[in-house]
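A closer look at the structure
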Amino acid sequence: MTSNTTIPNKTASIETLSNVNGVGHCQYNAPKNQVSPKALLNSKWTKVHVTNKEKHFLVTSVTFDEWQNVVECKMEAVISNNEYLLDWRELKQADKWRLGWN
């Protein structure tokens, strides 16, 4: 059985699975942000769980290899100008990052 549950600005799927004993289990598929490596540079992001008062970030540098795969993604915190290296795939996790400055 599959049902859709609405989460603010996202839709997630909840699937009920049955094991050998017939007991149902829920599997939650977390919503993901749509992120394209080619559109990363100068994109704005909001961190869901704020640390060091750093909430808003800007992607300042993206380095690609010869096969156009992202090798390095550098983000800058707007409030402090601190720079961080980040695996760009982490930006797909909607429970950690939101696209834009919210």
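Predicted model only: the values in this text are computed from it and were never measured.

On to the overall build of the protein. Secondary structure summary: the protein contains zero helices and eight strands in total. When the elements of the protein are put in sequence order from the N terminus, they spell out β-β-β-β-β-β-β-β. Within the protein, contacts between residues separated by at least 24 positions form 33% of all contacts whose residues are at least 6 apart in sequence. Only carbon and sulfur atoms are counted for the fraction: they give 51% of the accessible area of the protein, which is about 7300 Å².

The next subject is the environment of Leu-85. Residue position: Leu-85 is located in strand E7 (residues 83-86). For Leu-85, the residues in contact, after removing those within four places along its chain, are Glu-72, Cys-73 and Lys-74.

One open sheet holds the five strands; their spatial order is E7-E6-E5-E4-E8, and the pairing between them is antiparallel. The two strands at the open ends of the sheet, each matched to only one other strand, are E7 and strand E8 (97-99). Taking each pair of neighbouring strands and ignoring which way they run, the sheet shows an average axis angle of 35 degrees. Relative to strand E6 (residues 70-77), strand E5 (residues 54-64) runs antiparallel, the two sharing seven bridges. Within E6, the residue paired with Ser-61 across the bridge is Lys-74.

Enumeration according to the criterion identifies two aromatic pairs in this entry. Relative to Trp-97, the ring of Phe-57 has its centre 5.3 Å away and its plane inclined at 80 degrees; by these criteria the two rings are edge-to-face. Taken as a pair, Phe-57 in strand E5 and Trp-97 in strand E8 lie far apart in primary sequence, 40 residues in all. Assessed through its relative accessible area of 4%, Phe-57 is described here as buried. On the accessibility criterion, Trp-97 (6% relative accessible area) is buried. Ring pairing ties together the aromatic residues Phe-57, Tyr-84 and Trp-97, which thus form one cluster. The ring of Trp-101 is capped by Lys-44, whose NZ or CZ atom sits 4.5 Å from the centre of that ring.

Per the counting criterion, the structure on display carries two salt bridges. We note a salt bridge from Lys-74 to Glu-83, for which the minimum N-O separation is 4.0 Å. Of the residues examined, Glu-83 reaches a relative accessible area of 45% and is grouped as partly exposed. Here Asp-87 ties to Arg-89 by a salt bridge, and the two come within 3.2 Å at their closest N and O atoms.

Below, the discussion takes up the pairing of E7. Pairing of E6 with E7, which is carried by four bridges, proceeds in the antiparallel orientation. Each bridged residue has a counterpart across the sheet, and for Cys-73 the counterpart in E7 is Leu-86. Remark: five residues form the turn of the hairpin made by E6 and E7, two consecutive strands paired antiparallel; Asn-81 in that turn has positive phi of roughly 65 degrees.

Reading the values: rules and limits
- All residue numbers here refer to positions counted from 1 along the written sequence of the relevant chain.
- Given that this is a predicted model, residues contribute local features only at a pLDDT of at least 70 and side-chain atom pairs are listed and counted only at 80 or more, while totals for whole chains, interfaces and linings are drawn from all residues.
- Side-chain metrics rest on all non-hydrogen atoms present in the structure, leaving aside hydrogens and water.
- Strands here are runs of E lasting at least two residues and helices are runs of H or I lasting at least four, both read from the DSSP assignment and numbered beginning at the N terminus.
- We call two residues in contact when some of their heavy atoms are within 4.5 Å.
- The Shrake-Rupley method, run with a 1.4 Å probe, gives the accessible areas here. Residue values count only the displayed protein chains as cover.
- One requirement defines pairing of two strands: DSSP has to find at least two bridges between them.
- Note on definitions: angles span 0 to 180 degrees between N-to-C directions of axes, and those axes are lines fitted to C-alpha atoms, for helices only across the stretch in contact.
- What counts as a ring pair is set by centres within 6.5 Å for rings of Phe, Tyr and Trp (its six-membered ring), and what kind of pair is set by the plane angle: stacked under 30 degrees, edge-to-face over 60, tilted for all other angles.
- Exposure categories follow from relative accessible area, calculated using a 1.4 Å probe and restricted to protein chains: below 20% of the type maximum is buried, above 50% is exposed, and the middle band is partly exposed.
- Over a ring means this: the NZ of a Lys or the CZ of an Arg is within 6 Å of the ring centre and within 35 degrees of the ring normal.
- By definition, a salt bridge exists where a carboxyl oxygen of Asp or Glu is found within 4 Å of a side-chain nitrogen of Lys or Arg.

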